[in-house]
Amino acid sequence: MQKQRIVVIGNGMVGHRFLEEIIAHAGNDHYDITVFCEEPRVAYDRVHLSSYFSHHTAEELSLVKPGFYEASNIKLLLGEAASIVNPAEKIVSSKNGRMVPYDKLVFATGSFPFVPPIKGYEGTDIFVYRTIEDLEAIEKCARNSKSGIVIGGGLLGLEAAGALKALGVDTHVLERAPMLMAEQLDQDGGAMLSRKIENLGVHVHAGKNTLEITEGDNARKKLVFDDGEVLEVDFIVFSTGIRPRDRLARLSGIDIGERGGILVDDLCQTSHPDIYAVGECALWQKQVFGLVAPGYKMARVVADHIFTEGQSAETSLFAGSDMSAKLKLLGVDVGSIGDAHGRTEGAQSYVYQNQPEEVYKKLVVSADGKTLLGAVLVGDTSDYDNLLQLKLNDIALPENPEALILPNTGNDGAPAIGVDALPATATICSCFDISKEDIAKAVQDGNTDLASIKATTKAGTGCGGCVQLVGQVLNAELLALGVEVKNHLCDHFEYSRQELFHIIRVENIRSFDELIAKHGKGHGCEVCKPTVGSILSSCWNDYVLEDSHTGLQDTNDIFLGNMQKDGTYSVIPRMPGGEVTPEGLAAVAHVAKEYNLYTKVTGAQRIGLFGARKEHLPEIWEHLIAAGFETGQAYAKALRMAKTCVGSTWCRFGVGDSVGLGVELENRYKGFRTPHKMKFGVSGCTRECAEAQGKDIGIIATDKGWNLYVAGNGGMRPRHGDLLASDLDKETLIRTIDRFLMFYIRTADKLQRTSVWMESLEGGVDYVREVIMDDSMNLCETMDRDMASLIESYQCEWKTTLSRSAQLKRFRHFINSDDSDDNVQFVNVRDQHRPATVAERIAITPVEA
Amino acid sequence: MNWNTICHIDDIIPGTGVCAKVNDAHVAIFRPLNNEQLFALSNIDPFAEASVMSRGLLGEKDGEFYVASPLLKQRFNLATGQCLDDDSVTLPCYQIRTLNGQVQIAG
């Protein structure tokens, strides 16, 4: 029998979701599926579009698992738009002249940005905000611009404004209504949002209409408003709402609503039963849904219906969708639930407003005061999950509903709705429609951490707003199952690294023997010894080769050099910021020549000398230290270097002195041990030549100061850094880095890079910001003090080693002979040498050394 | 049996190892604890064929000591030389003793 043919027009978020749903139902081989995708790339996450500016990879935004289309036998026509549908013959034709017959057709054509026909709206330097191509154009334009305006102060408009601000242009937002986000917020909430956004340096113009756009005198564009005022900016982004893309459906004779939108019923069927429409192109009960969650629900309804047709199984119906939203716009928390405006008959409201802290909260309750109808939250959305569950599950309100939004000042806090109180059917993740019982079941199936819950159920992988709640359900379920979550370091210590750190500090423990005697058992191993050695160093910064610490050091630390495959070492002197004098270079060259060392510029902007015999290390370092060098700690889990671009001192594009800052930072943080190695990067302008966003700490100069990125990584699993703070002055920047490092040292797991650590933190960079910038845990003073003590106790380990004659004996190869290691042999390569392979070694060793 | 005197036991920091030359062989001597208990094995890492074993970290599991190669971290039982990560590999062992504080290896 011939397979049923499904054609999908549109490969946006909802179109892609439909494919995932239908494959999940029917498997890879059940249907013959063809997808028209007009854009040049597969489905990507438009909800997080603005993150493209900080990450710049379309891959990160992609929603498609690599290989999904191939594995599912879906024919994807990239860059090929459908041009006409013939419902009578059931054929779709494309712009390229392709004709594809179908049995079932799904429209997922989405929407297009609506631009009001203001005089002058067409022309250069005018953009919309919808696709990656739009973003690329905006970014290119922003590079040559000082200022920009977003017309439209709705949700998407504020996203766009955040993007403009991140691009470093003076940002304006214009809204025709008297307030921002008029759809989601009430008047007072909108006013609070405006004030907060203005404090962030974004100019808000509310209650204004643009009459005309002309050429500017001082900037490229001039906007003339209805109140007679004018504003000059270099470019304009329109975000004035969306319209369903229904043109193709209209041309094809499918019924369209009066004001646009493909008419659909509860099964998302159009006027032709074999043609469906889902997402923003569909009009259901006179509504077009501009959020992704309702679109996802429609996708599921259609997949269900196609799959179950002809079977007696029940199919689901689309019944509207909750339009609640929790967002962070320009760094401001905003939440809106249900009937935010109190339009329900008899609705009453409770309001909490805290002007000094810029927090606004409103509850809308039913006439009888028993159920929650809606809520508005600005500046603090910590109550959002709680309130949303109350609303979605019609949970009876407590006697004093106002307590739900009042700050917790006394003994009796807000009556939190613990996850236990939620019914099993409560929707936890509305993007993927995952209920509490779905998560509980996944936990019972052995998914006992957040990452695997996300992977199995997809909960929390849409907008991400529910991640905290998912975590709570997970923990509650683990507790219920009696699962003990073990994070013991190893057999010798029943503690995590974080706990050991705490014990060592509080009890002032100074050696491994003392720690294992008091808190461990046995004699230690290759896991706990280096971990404890690192913690001791992070806490007390003693010389790492004290007798009591020597046996704790891993391969590289134990002889203060990186061991190579033949047992020789590399020698890498510190060159802060990659800076080196001609005299320094000459000294390095001299040492390399004298000790016959292979010489290479390393990946960290320094010079590495390889093939040093252990017994030569002290002499080599004596020469280097005499020439003014210090150890580069290239062997240590510590700060390696700060990579810098040339910066404003020489570069004609430079905005800040990246080399100067890099040198200062490298000197400030060198020496002390961290849970894993650390790399810094400092770029002098947004061209980012130092690749700072791929470093543990990345700093990029702006015309107002420095942007600080954290937890980036290159290496095995690349990760772009998260923007922790913008436009910092140097003092604040350094204080913030101090605290970031201390917080990482305190809480990371063993051998955990900042990138992995960041991903393990619930709340991620926002949480880190609260701790180290807002001092939410009252830790900053201690962390500042600890960092000061670490910096003060710095010593060059090689200098200390050379001053101790007992140490020097350790560097001989044999304890009972001055002979060298005869296994170390070299062969020539490109005018230098490399270690001989074993075969080569045998061939050339007839003569005993 | 011929006992070669290598060094004084105090020359070996507790918790570490050293390499000795015994009749042209490279021998790793380990002193896991702060006492006279010593172990001697070949210093040649059988996987990398480099003379490095004495520079490995010492560990203990269920009362038995092992050394983890400093190169690729394979573990070897100090008493038997048996590789704990690969049954087919064993490090040669040497007899070792302390006499009046002097470390001696047979050979």
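About the thresholds
Residues numbered from 1 in each chain as written. Chains lettered and ligands numbered in written order. Predicted model: local features only at pLDDT ≥ 70, side-chain atom pairs only at ≥ 80, totals over all residues. Heavy atoms only, no water. Helix = DSSP H or I, 4+ residues; strand = E, 2+ residues; numbered from the N terminus. Rg over C-alpha atoms; globule rule 2.2 N^0.38 Å. Buried < 20%, exposed > 50% of the residue type's maximum accessible area, 1.4 Å probe, protein only. Contact = heavy atoms within 4.5 Å. Areas by Shrake-Rupley, 256 points an atom, 1.4 Å probe, with all protein chains shown as cover. Lys, Arg positive; Asp, Glu negative; His and termini not counted. Charge placed at Lys NZ, Arg CZ, Asp CG, Glu CD. Pairing = 2+ DSSP bridges. Axes fitted to C-alpha atoms, helices over the stretch in contact; angles between N-to-C directions. Polar contact = N/O pair within 3.5 Å; in protein donor to acceptor, adjacent residues only side chain to side chain. Arc of directions from axis to C-beta. Buried area = accessible area lost by both parts, 1.4 Å probe. Salt bridge = Lys/Arg side-chain N within 4 Å of Asp/Glu carboxyl O. Nonpolar A, V, L, I, M, F, W, Y, C, P; charged D, E, K, R; others polar. Parallel < 35°, antiparallel > 145°, perpendicular 65-115°, else oblique. Left-handed = near helix turned anticlockwise from the far one by under 90°. pLDDT = per-residue confidence, 0-100. 1 Å grid on protein atoms, 1.4 Å probe; cavity = no way out; pocket = protein on both sides within 12 Å on 5 of 7 lines; lining within 4 Å. Points joined across faces, edges and corners; volume = space filled by probe spheres on them. Core = buried A, V, L, I, M, F, W, Y, C linked by side-chain atoms within 4.5 Å. Patch = residues over 30% accessible without salt bridge, like charges linked within 9 Å, V, L, I, M, F, W, Y side chains within 5 Å. Right-handed = clockwise from strand over helix to strand, strands pointing away. Domains from an automatic or database assignment. Disulfide = S-S within 2.5 Å.

**Observations concerning the overall build of chain A**
Part 1 of the reasoning: In terms of regular secondary structure, chain A is built from 28 helices and 38 strands.
Part 2 of the reasoning: Taking 29 Å as the expected radius of gyration for a compact globule of 849 residues, we find that chain A reaches 31 Å, a close match to that expectation.
Part 3 of the reasoning: Considered along the principal axes of its C-alpha atoms, chain A spans approximately 95 × 70 × 70 Å.
Part 4 of the reasoning: Within the span of chain A, comprising 849 residues, buried residues form 54% of the whole.
Part 5 of the reasoning: Of all intrachain contacts in chain A linking residues separated by at least 6 positions in sequence, the fraction that spans at least 24 positions is 61%.
Part 6 of the reasoning: For chain A, the accessible area works out to roughly 37,600 Å², and carbon and sulfur atoms hold 49% of it.
Part 7 of the reasoning: The averaged location of the 117 negative side-chain charges in chain A is 4 Å from the averaged location of its 87 positive side-chain charges.

**Looking at the sheet that holds strand 14 (residues 221-225) of chain A**
All names here are of chain A.
Part 1 of the reasoning: Strands sit in the order 13-14-15 across an open sheet of 3 strands; the sheet is antiparallel. The open sheet is flanked by strand 13 (210-215) and strand 15 (230-233), the only strands paired with a single partner. Sheet twist, expressed as the mean angle between neighbouring strand axes with direction ignored, is 20°.

**Quick word on the side chain of Ser 94 of chain A**
Residues and elements named next belong to chain A.
Part 1 of the reasoning: Mapped onto the secondary structure, Ser 94 falls in strand 5 (residues 91-94).
Part 2 of the reasoning: Assessed through its relative accessible area of 5%, Ser 94 is described here as buried.
Part 3 of the reasoning: Reaching out from Ser 94, the side chain makes a polar contact with the side chain of Glu 80 at a distance of 2.6 Å.
Part 4 of the reasoning: For Ser 94, the residues in contact, after removing those within four places along its chain, are Phe 36, Glu 80, Ala 81, Ala 82 and Ser 83.

**A word on helix 15 (residues 512-519) of chain A**
All names here are of chain A.
Part 1 of the reasoning: When helix 15 is considered as a whole, its buried residues turn out to be Phe 512, Leu 515, Ile 516 and His 519. Down the axis of helix 15, the smallest arc covering the buried residues is 95°, so these residues share one side. Across from the buried face of helix 15, at angles greater than 90 degrees, the exposed residues are Asp 513 and Ala 517.

**A word on the interface of chain A and chain B**
Part 1 of the reasoning: Tallying the contact residues gives 38 residues for chain A and 32 residues for chain B.
Part 2 of the reasoning: Summing the contributions of chain A and of chain B, the shared interface buries around 2,800 Å²; its carbon and sulfur component is 56%.
Part 3 of the reasoning: Linking chain A with chain B are 3 salt bridges.
Part 4 of the reasoning: With its nearest N and O atoms 2.5 Å apart, the salt bridge here joins Lys 21 of chain B to Asp 819 of chain A.
Part 5 of the reasoning: In this assembly, chain A and chain B are joined by 18 residue pairs in polar contact (both at pLDDT 80 or more).
Part 6 of the reasoning: Looking at the side of chain A that touches chain B residue by residue, the class counts come to 10 nonpolar, 14 polar and 14 charged.

**Description of the sheet that holds strand 7 (residues 57-61) of chain B**
One key point about sheets: their strands pair by backbone hydrogen bonds, in either a parallel or an antiparallel sense.
All names here are of chain B.
Part 1 of the reasoning: Taken together, the 3 strands give an open sheet; going across it, the order is 7-8-9, and neighbouring strands pair in antiparallel fashion. Among the strands making up the open sheet, the edge pair consists of strand 7 and strand 9 (75-77). Ignoring which end each strand starts from, the neighbouring axes of this sheet average 35° apart.
Part 2 of the reasoning: The sheet contact formed by strand 8 (residues 64-68) and strand 9 spans 3 bridges and is antiparallel. Paired with Tyr 66 across the bridge in strand 9 is Asn 77.

**Here's the deal with the side chain of Ser 54 of chain B**
All names here are of chain B.
Part 1 of the reasoning: When you line up the elements, Ser 54 lands in the loop between strand 6 (50-51) and strand 7.
Part 2 of the reasoning: Residue Ser 54 is classed as buried on the basis of its relative accessible area of 7%.
Part 3 of the reasoning: Aside from chain neighbours lying at most four places away, what touches Ser 54 is Gly 17, Val 18, Cys 19, Ala 28, Phe 30 and Asn 43.

**Comments concerning the packing of helix 22 (residues 730-747) of chain A against helix 24 (residues 764-772) of chain A**
All names here are of chain A.
Part 1 of the reasoning: Across the interface, helix 22 lies against helix 24 with an axial gap of 10 Å and an inter-helix angle of 115°. Regarding the angle of helix 22 to helix 24, the classification is roughly perpendicular. For the pair helix 22 and helix 24, the sense of crossing is right-handed. Where helix 22 abuts helix 24, its residues Thr 736, Arg 739, Phe 740 and Phe 743 lie against Tyr 767, Val 768, Val 771 and Ile 772.
Part 2 of the reasoning: Considered class by class, the residues forming the contact of helix 22 with helix 24 number 6 nonpolar, 1 polar and 1 charged.

**Some thoughts on the confidence of the model for chain A**
Any segment with low pLDDT has predicted coordinates that should not be analysed in fine detail.
Part 1 of the reasoning: Confidence in the prediction of chain A, expressed as mean pLDDT, is 89, and 96% of residues score 70 or more.
Part 2 of the reasoning: Predicted confidence is poor over residues 410-415 of chain A, with pLDDT under 50, and the contacts of this stretch with residues over four places away or in other chains come to 7 contacts.

**As for the layout of surface pockets**
Residues and elements named next belong to chain A.
Part 1 of the reasoning: As a volume, the second largest pocket reaches approximately 740 Å³.
Part 2 of the reasoning: Going through the elements one at a time, helix 16 (528-540) and helix 18 (555-558) are the ones with two or more residues in the lining of the second largest pocket.
Part 3 of the reasoning: Looking at the lining of the second largest pocket element by element, the count peaks at 4 residues for helix 16.
Part 4 of the reasoning: Its residues assigned to classes, the lining of the second largest pocket shows 13 nonpolar, 13 polar and 12 charged.

**Some points on unusual backbone geometry**
Residues and elements named next belong to chain A.
Part 1 of the reasoning: One non-glycine residue, Gln 605, lies in the positive phi region at around 60°.
Part 2 of the reasoning: Relative to the assigned elements, Gln 605 resides in the loop between strand 30 (598-601) and strand 31 (607-612).
Part 3 of the reasoning: With relative accessibility at 26%, the residue Gln 605 sits in the partly exposed group.

**Digging into the pattern of salt bridges**
Residues and elements named next belong to chain A.
Part 1 of the reasoning: All told, the structure shown has 47 salt bridges over all chains when counted by the stated rule.
Part 2 of the reasoning: Between Lys 208 and Glu 229 there is a salt bridge, and its shortest N-O distance comes to 3.2 Å. Of this pair, Lys 208 sits in the loop between strand 12 (203-206) and strand 13 while Glu 229 sits in the loop between strand 14 and strand 15, and the two are 21 residues apart along the sequence.
Part 3 of the reasoning: Exposure remark for Glu 229: the relative accessible area of 43% places this residue in the partly exposed category.
Part 4 of the reasoning: Among the salt bridges present, the one from Glu 840 reaches Arg 834, with a minimum N-O distance of 3.0 Å.
Part 5 of the reasoning: Residue classification places Glu 840 among the partly exposed positions, given a relative accessible area of 25%.

**Some details on the nonpolar core**
Part 1 of the reasoning: Ranked by internal contacts, the top residues of the largest apolar core, which has 89 residues, are Ile 9, Phe 18, Phe 107 and Leu 387 of chain A.
Part 2 of the reasoning: Looking at this core, the element that brings in the most residues is helix 9 (residues 292-308) of chain A, giving 8 residues.
Part 3 of the reasoning: Excluding residues that lie within four positions of it along the chain, Ile 9 of chain A makes contacts with Phe 36, Ala 82, Val 85, Val 92, Leu 105, Val 106, Phe 107, Ala 108, Thr 109 and Leu 248 of chain A.
Part 4 of the reasoning: Counting residues in each nonpolar core, the second largest holds 61 residues, with Ile 535, Leu 661 and Ile 737 of chain A together with Tyr 66 of chain B among its members.

**What about the environment of Leu 665 of chain A?**
Residue and element names in this part refer to chain A.
Part 1 of the reasoning: Residue position: Leu 665 is located in helix 21 (residues 658-669).
Part 2 of the reasoning: The spatial distance from the C-alpha of Leu 665 to the C-alpha of Ala 249 is 60 Å, given a sequence separation of 416 residues.
Part 3 of the reasoning: Each residue touching Leu 665, except ones within four places of it in the same chain, is listed here: Leu 639, Phe 680, Val 682, Ile 699, Ile 734 and Ile 737.

**Details of the pairing of strand 15 of chain A**
Where a strand is regular, its side chains alternate between the two sheet faces.
All names here are of chain A.
Part 1 of the reasoning: Bridging between strand 14 and strand 15 involves 4 bridges; their strand directions are antiparallel. By the bridge assignment for strand 15, Lys 221 is matched with Val 233.
Part 2 of the reasoning: Here strand 14 folds back onto strand 15 in antiparallel fashion, the turn holding 4 residues, of which Gly 228 has a positive phi close to 90°.

**Thoughts on a positive patch on the surface**
Part 1 of the reasoning: The grouping of Lys 140, Arg 143, Arg 652 and Arg 687 of chain A at the surface amounts to a positive patch.
Part 2 of the reasoning: With respect to the secondary-structure elements, Arg 687 of chain A resides in the loop between strand 33 (678-683) and strand 34 (697-702).

**Looking at the pairing of strand 11 (residues 170-175) of chain A**
All names here are of chain A.
Part 1 of the reasoning: Across the 6 residues that make up strand 11, a large majority, 5, are buried.
Part 2 of the reasoning: With 5 bridges joining them, strand 10 (residues 147-151) and strand 11 adopt parallel strand pairing. The residue of strand 11 that forms the bridge with Ile 149 is His 172.
Part 3 of the reasoning: Crossover connection from strand 10 via helix 6 (residues 155-166) to parallel strand 11: handedness right-handed.

**Topic: the domain arrangement of chain A**
Part 1 of the reasoning: When the domains of chain A are assigned, the result is domain 1 (4-112 + 244-308), domain 2 (126-240), domain 3 (322-408), domain 4 (418-485), domain 5 (497-553) and domain 6 (637-794).
Part 2 of the reasoning: Taking only C-alpha atoms, the centre of domain 1 of chain A and the centre of domain 6 of chain A are 43 Å apart.

**Some words on the state of the cysteines**
Part 1 of the reasoning: Enumeration over the complete set of coordinates arrives at 0 disulfides over all chains.
Part 2 of the reasoning: Between Cys 528 of chain A, a free cysteine, and Cys 490 of chain A, which holds the nearest cysteine sulfur, the sulfur-to-sulfur gap is 3.7 Å.
Part 3 of the reasoning: Counting only cysteine sulfurs, Cys 93 of chain B is the nearest neighbor of Cys 83 of chain B, a cysteine outside any disulfide, at a range of 13 Å.
Part 4 of the reasoning: Exposure remark for Cys 83 of chain B: the relative accessible area of 1% places this residue in the buried category.

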